[in-house]
Amino acid sequence: MVFGARKNKKIKIKDDLNLNWYGHRGLLNRAPENTWRGFQAALDAGFRAIEIDVLQTKDGKIVCTHNFDLERETDGNGYIDYKTLSELKTINAGAKWPNIEAKIPTLESVLIQLPTECQVNIEIKTRKLMDWSTPIEVIKIIKKLKIQKGVIISSFNPMALRIIKCIDNTFETGLLFEDIRTVGLISFVCPNYIHPRSDIVTGDLIEYAKRYKLGINVWTVNSRVGMKFFIEKKVEGIITDYPEAIPNVI
């Protein structure tokens, strides 16, 4: 069963020190994804952890967005990594929502506004395997704001995570994957967490993670049955679009 959005419904997610509930791209069913409106909607819905997607602009700025192309979620056209930050400022990231204006925010501006206790999973998007620049810029922002303790940097790109560990191995990282064969890259990437797609998680994968002391943050879990399953398996984090489906909401 998947729960639809309930606008303006106030929800309280019970605190659990052993499990983080992450609002996926903010709360994309209530506000434009990866915008401050979306992140605020997630906070208002009771989330104390948020998943954010980021990529780099033409002039090296880190912005919050899931897609390289502008057409999918905005009224712009072309590709974000071919645009400068100033060019992106005129684009409405809420164009798919009736009567909503929202800007593509920089990662730094979002992190400054989030509550200090909010946990953040920053997913780095890259076009190239050997992209040094994006992970380096993300690290600079986190260090500048002195919020490293509350941040996990994740990516499907194993090189991006390896670069982070080579620069500063105190950063917590999570390897994203949707193919179980990616497990073979773990010894190279040296992540603190694995971030598998929910439908590929098996008992063997959970045992593997426990054996090598890897946390598990699973995505994207939108059914109550699925949530209960992963709660029972004692994963560290669950990424979801639907706070209404969480079994322990008030």
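Quick look at the structure, then.

Thresholds, definitions, all that
- Throughout, a residue's number is its position along its own chain's written sequence, starting from 1.
- Restriction of local features to residues with pLDDT of at least 70 applies here, the model being predicted, together with a cutoff of 80 or more for giving and counting side-chain atom pairs; totals for whole chains, interfaces and linings are based on all residues.
- Computation of side-chain values: all heavy atoms of the structure, hydrogens and water removed.
- Here, nonpolar core refers to any group of buried Ala, Val, Leu, Ile, Met, Phe, Trp, Tyr and Cys residues whose side-chain atoms link them within 4.5 Å.
- Exposure is judged per residue with a 1.4 Å probe applied to protein chains only, and the accessible area is read against the type maximum: over 50% gives exposed, under 20% gives buried, and values in between give partly exposed.
- In this description, contact between two residues means that some pair of their heavy atoms is separated by no more than 4.5 Å.
- The salt bridge definition used is simple: a Lys or Arg side-chain nitrogen within 4 Å of an Asp or Glu carboxyl oxygen.
- The way it works is that DSSP assigns letters per residue, a run of H or I at least four long becomes a helix, a run of E at least two long becomes a strand, and they are numbered from the N terminus.
- Paired rings are identified among Phe, Tyr and Trp, the last through its six-membered ring, by centres lying within 6.5 Å, and are further divided according to the angle between planes into stacked (under 30 degrees), edge-to-face (over 60) and tilted (the rest).
- Either the NZ atom of lysine or the CZ atom of arginine qualifies as a charge over a ring when it sits within 6 Å of the ring centre and within 35 degrees of the ring normal.
- Should DSSP find at least two bridges between two strands, the strands are taken to pair.
- Multiplying 1.5 Å by the helix residue count minus one yields the expected span of that helix.
- What the arc describes is the spread of directions from the helix axis to the C-beta atoms.

### Comments concerning the nonpolar core
For soluble globular proteins, the rule of thumb is that nonpolar side chains tend to be buried together.
Move 1: In terms of nonpolar packing, the biggest core is built from 56 residues, with Ile52, Val54, Leu107, Leu114, Ile122, Val138 and Ile153 touching the most fellow members.
Move 2: Those residues in contact with leucine 107, other than ones at most four positions away along the chain, are Ile52, Val54, Ile62, Val63, Cys64, Ile122, Val138 and Ile141.

### Examining the pattern of salt bridges
Move 1: Counted according to the given criterion, the structure contains twelve salt bridges.
Move 2: The residue glutamate 108 makes a salt bridge to lysine 144 at a minimum N-O spacing of 2.7 Å. A residue pair is termed long-range when its members are at least 10 positions apart, and glutamate 108 in helix α3 (residues 107–113) and lysine 144 in helix α4 (residues 133–145) qualify at 36 residues.
Move 3: Between lysine 125 and glutamate 123 there is a salt bridge, with its nearest N and O atoms 2.8 Å apart.
Move 4: A relative accessible area of 15% means that lysine 125 is categorised as buried.

### Some remarks on the packing of aromatic side chains
Move 1: Summed over the entire model, instances satisfying the criterion amount to five aromatic pairs.
Move 2: When the centroid spacing of 5.0 Å and the interplanar angle of 80° are considered together, the rings of phenylalanine 229 and phenylalanine 230 count as edge-to-face.
Move 3: The class of phenylalanine 229 is partly exposed, set by a relative accessible area of 35%.
Move 4: Residue classification places phenylalanine 230 among the buried positions, given a relative accessible area of 4%.
Move 5: The residue whose ring lies beneath arginine 127 is phenylalanine 68, and the NZ or CZ to ring-centre distance is 4.4 Å.
Move 6: The ring of phenylalanine 188 has arginine 162 sitting right over it, with the charged end atom 5.7 Å from the ring centre.

### Regarding the pairing of strand β1 (residues 20–23)
Move 1: Across four bridges, β1 lies against strand β9 (residues 237–240) in parallel orientation. Each residue of the ladder has a partner; that of glycine 23, found in β9, is threonine 240.
Move 2: Relative to strand β2 (residues 49–56), β1 runs parallel, the two being bridged by two bridges. By the bridge assignment for β2, tyrosine 22 is matched with alanine 49.

### A closer look at α4
For an α-helix, the turn length of 3.6 residues means that residues three or four places apart are oriented alike.
Move 1: With 13 residues, α4 ought to run about 18 Å at 1.5 Å a step, and its terminal C-alpha atoms sit 19 Å apart, in line with that.
Move 2: Residues of α4 that are buried: Thr134, Pro135, Val138, Ile139, Ile141 and Ile142. Taken down its axis, α4 places every buried residue within 160° of arc, on the same side.
Move 3: Structurally, α4 contributes buried residues whose contacts are with β2, β3 (62–64), α3, β4 (119–124), β5 (151–155) and α5 (158–167).
Move 4: Within two residues after α4, lysine 146 carries a phi angle of roughly 55°, on the positive side.

### Re the environment of alanine 102
Move 1: Within the secondary structure layout, alanine 102 lies in the loop between α2 (85–88) and α3.
Move 2: When the C-alpha atoms of alanine 102 and serine 187 are compared, they prove to be 41 Å apart, with 85 residues separating the residues in sequence.
Move 3: Leaving out residues up to four positions away in the same chain, alanine 102 has contacts with Pro32, Thr35, Arg37, Ile91, Asn92, Ala93 and Gly94.

These figures capture arrangement, not role.
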